[in-house]
Amino acid sequence: MSEQIEKVKCLIIGSGPAGYTAAIYAARANMNPVLYQGTQPGGQLTTTTEVENYPGYPNGITGPEMMIEFQQQAERFDTDVRDGWITKVDFSGPVHKVWVHDEKEIHCETVIISTGASARYLGLPSEQKYLKLGGGVSACAVCDGFFYKNQEVVIVGAGDSACEEAHYLSKLCTKVTMLVRRDQFRASKIMEARVRNTKNIEILLNTETEEVLGDGQVVTGVKARNNITGEIFEIPATGFFVAIGHIPNTAIFKDYLELDETGYIINIPGTSKTNVEGVFVSGDAADHVYRQAVTAAGTGCMAALDAERYLAAKESPVEA
Ligand code: NDP
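The text that follows walks through the structure, step by step, so that each part is easy to find.

### Concerning helix 7 (residues 293-315)
1) Next: Along its 23 residues, helix 7 runs 33 Å from first to last C-alpha, staying within 8% of the 33 Å computed at 1.5 Å per residue.
2) Next: Three or more residues of helix 7 are buried, namely Ala293, Ala296, Ala297, Gly300, Cys301, Ala303, Ala304, Asp306, Ala307, Tyr310 and Leu311.
3) Next: If you follow the buried residues of helix 7, they end up packed against strand 1 (6-13), helix 1 (17-28), helix 2 (63-76), strand 8 (104-113) and strand 19 (279-281).

Now the structure itself:
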């Protein structure tokens, strides 16, 4: 029924640094943004402990605390932050339709997608245990590598991300052991060569993780298995990094937006614009390369500015 359909000028989907930054800018531009937090309010940062590389926090801050501050800043300018998530969209017409929990229908003049991506984990109970404890399991070497300075770490994966992260860790840690489940890398040759040529990276091919070992609080090592010989052995380590890919949270948009082969939304280079007018993307939903809070926030700002300009052009079209 039409009276139940809410009309919104700017709808922001997602509550990580991209979504909240878009909200701050959109709110200050009188776009009355409504932000749906999604299934993981605060996004991926709520699964990290200390964030030390976000400018403006000279003493560091925990990921969850930082996201509360982002939310408070967005609410200070009257962003309507709502609990709940968008389950369906229809971007086929001039009005962009979205549904909350398949029920509530909203018609939006602009939509900013900030749904992020989720790191893939192995799913081992021991991995999940130390991840939840913040005790040495991480899916982001750039975020957490510093905490393992002069220590020994293990990284799982053999794609470009794993190679990049292993190389990054090798500059901080005394030793990096890389567990590759097949007898070959998936990464590009140049990235593979870089890790192979780094002295303190040891590559173990055909090797899988059996268990992440710990003392109940923090990681102390990894039990690994050679999947050819069946040999089981332990590797001492204080950090366990998982770099086996990310899953962009973009499934609900696939019928309307151009996605790349791995599901990331394709934006028009140098902008936050998607292939649908009035629909913008920010943060990790369109970024498989940088994936940092600060870059997500930057693209959130871009999306709000692009949305504002789109609305301004619609309201006062320039005569040709
Ligand atoms: P990929 O999907 O390319 O690689 C995932 C890696 O993890 C593979 O080696 C895979 O092994 C391994 N893996 C998956 N599941 C498991 C498991 N359960 N146990 C052990 N190992 C597992 O993901 P990336 O994140 O590395 O890259 C994603 C995309 O981003 C790629 O297109 C990549 O090129 C790009 N990228 C580009 C960068 C750059 O240009 N600087 C930097 C980082 C990423 P297997 O091969 O056996 O399947």
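### Some points on the layout of surface pockets
1) Next: Approximately 1,100 Å³ is the volume found for the second largest pocket.
2) Next: Forming the boundary of the second largest pocket are 35 residues, of which Gly159, Arg186, Ala243, Ile244 and Gly245 lie nearest the centre.
3) Next: Per-element tally for the lining of the second largest pocket: the top contributor is helix 5 (residues 160-170), with 4 residues.
4) Next: Of the domains in this structure, domain 1 (2-118 + 246-314) and domain 2 (121-242) are the two that each give at least three residues to the lining of the second largest pocket.

### Points about the packing of aromatic side chains
1) Next: For the structure on display, the rule yields 6 aromatic pairs.
2) Next: Ring geometry for Tyr148 and Phe241: centres 5.4 Å apart, planes at 85 degrees, overall edge-to-face. On the criterion of sequence distance, the pair formed by Tyr148 in the loop between helix 4 (141-144) and strand 11 (152-156) and Phe241 in strand 17 (residues 239-242) is long-range, its members being 93 residues apart. Assigned by exposure class, Tyr148 and Phe241 land together as buried.
3) Next: Grouping aromatic residues by their ring pairs yields a cluster made of Tyr54, Tyr57 and Phe70.
4) Next: Of note, Arg28 hangs over the ring of Phe77, and the distance from its end group to the ring centre comes to 4.9 Å.

The rules behind these values
Residues numbered from 1 in each chain as written. Predicted model: local features only at pLDDT ≥ 70, side-chain atom pairs only at ≥ 80, totals over all residues. Heavy atoms only, no water. Helix = DSSP H or I, 4+ residues; strand = E, 2+ residues; numbered from the N terminus. Expected span 1.5 Å × (residues − 1). Buried < 20%, exposed > 50% of the residue type's maximum accessible area, 1.4 Å probe, protein only. Contact = heavy atoms within 4.5 Å. 1 Å grid on protein atoms, 1.4 Å probe; cavity = no way out; pocket = protein on both sides within 12 Å on 5 of 7 lines; lining within 4 Å. Points joined across faces, edges and corners; volume = space filled by probe spheres on them. Domains from an automatic or database assignment. Phe/Tyr/Trp six-rings, centres within 6.5 Å; stacked < 30°, edge-to-face > 60°. Lys NZ or Arg CZ within 6 Å of the ring centre and 35° of its normal.

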